[in-house]
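# Results of the structural survey
The chain contents come next:
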Amino acid sequence: MMKITILTICPEMFDGFLQSHIVMRALQLLTAEIEVIDIRDYADGSFRHIDEAPYGGGAGMVLRCEPVLSALASVRIPESTTIALTPWGEVYSQKQAVQLAQTDHVILICGHYEGMDARILSEVDMELSIGDYILTGGELAAMVVADSVLRLLPGNLKSGSLEWESHDRDLLEYPQFTRPIAYHGKIVPSVLRSGNHEQIRKWRLQQALLLTRERRPDLFARHDLTSEEKMLLAKADREME
C-alpha cells in the first residue's frame, strides 16, 4: 500500500479533497493511505508560532524551519520521497506522476506566506511546481500531485482509462466525441462510427499528433516520431493543402 503524507498549516483545506471519489476509492481498495499533518502541532510555545519576518528585510513572512522539520522527522522513513511544493521547483509532469506512483511513501510539504526557510529545502529530495504562477500556499499543488498519483494506482480507474492520456508519450490526447451524432451542424467524424478499429486507431493517432504540434510544440519537439506517425502527418498535411 502506498502512503501519501501532507505537511501543511491549513489542514482544513483537505477536508473536501479527502472525500473526493479518487481518494475514497483508493482508501476502500487499500491501494493508498492519506495522512494530513498540521505543522502547527510541532510549533513551540502556546501560540504555536510558525512564521517569522525574513532576515535582511522584505515583505511578507517566512515559514520557520523548526516546526516544519520537526513534523518531517516525525513521519519520514528511509523509503520516503520528500517533496517541497515551491514556485521555483521543477515543473510537475505526467512522467513524474508515474514515477511517484511506484514509490512506497511520498511526503508533500506545502509552502505558505512569502516562502519557507531555505534550510527546509536542504532536507527534501526534490522541489516541484505545478506551473508558472503563484498560489497563496502549496495546498492546492499538493492536491494536484496526490490526485495525479492516486489515479495511477491499480484499480482506482476503470480498465482501459489509462491506455492513452494527454502527456503520455509527449502527445496530447486525441479529440473525444459522444452522442448525439449531430449537434448544431457539427458531426461526429464518420471514422469513429465505422466500427473499423484499425482506422479508428490511425485517426486518433493522427489527431493526437496534429493537436500536439499545434498547441504544444514543446511537447511535439520532444516526441520521437515513428515511421507510421510521419506518414500520418504527411497525409494530413497533404489533405490540408
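Computed from a predicted model, the values in this text were never measured in an experiment.

Once that is clear, we can look at helix 3 (residues 65-75). Buried within helix 3 we find Cys65, Pro67, Val68, Ala71, Leu72 and Val75. Structurally, helix 3 contributes buried residues whose contacts are with strand 1 (2-8), strand 2 (32-38), strand 4 (62-63), strand 5 (80-91), strand 6 (105-110) and helix 5 (118-121).

With that out of the way, let us pick up the nonpolar core. Within the largest apolar cluster, 29 residues are counted, with the highest numbers of intra-cluster contacts made by Ile4, Leu85, Leu108, Val149 and Leu150. For this core, the leading source of residues is helix 6 (residues 139-150), giving 7 residues. Counting 20 residues, the second largest nonpolar core, distinct from the first, contains Ile50, Cys65, Leu72 and Leu121.

Glancing now at the sheet that holds strand 3 (residues 51-52). Sheet architecture is open: 3 strands sit in the order 3-4-7, paired in mixed fashion. Among the strands making up the open sheet, the edge pair consists of strand 3 and strand 7 (115-116). Bridging between strand 3 and strand 4 involves 2 bridges; their strand directions are antiparallel. Residue pairing for strand 4: Glu52 is matched across the bridge by Val62.

With that out of the way, let us pick up the UniProt feature "binding site: S-adenosyl-L-methionine" (unreviewed entry) in the chain. Feature annotation in UniProt assigns "binding site: S-adenosyl-L-methionine" (unreviewed entry) to the following positions: Gly111, Ile130, Gly131, Asp132, Tyr133, Ile134 and Leu135. As for its position among the elements, Gly111 is in the loop between strand 6 and strand 7. By relative accessible area, Gly111 is classed as buried at 10%. Look past the residues within four positions of Gly111 in its chain and what remains in contact with it is Leu85, Met116, Gly137, Gly138 and Glu139. Looking at the element boundaries, Tyr133 is found in the loop between strand 8 (126-129) and helix 6. A distance of 3.4 Å separates a polar side-chain atom of Tyr133 from the backbone oxygen of Ile130.

Tracing the backbone through its elements, the reader meets Thr103 in the loop between helix 4 (94-100) and strand 6. Engagement of the side chain of Thr103 in a polar contact is seen with the backbone oxygen of Leu100, the distance being 2.6 Å. Sequence-distant contacts of Thr103, that is, excluding residues within four places in its chain, are made with Met2 and Thr81.

The rules behind these values
Residues numbered from 1 in each chain as written. Predicted model: local features only at pLDDT ≥ 70, side-chain atom pairs only at ≥ 80, totals over all residues. Heavy atoms only, no water. Buried < 20%, exposed > 50% of the residue type's maximum accessible area, 1.4 Å probe, protein only. Helix = DSSP H or I, 4+ residues; strand = E, 2+ residues; numbered from the N terminus. Contact = heavy atoms within 4.5 Å. Core = buried A, V, L, I, M, F, W, Y, C linked by side-chain atoms within 4.5 Å. Pairing = 2+ DSSP bridges. UniProt positions renumbered as here; feature names shortened; annotations may be inferred. Polar contact = N/O pair within 3.5 Å; in protein donor to acceptor, adjacent residues only side chain to side chain.

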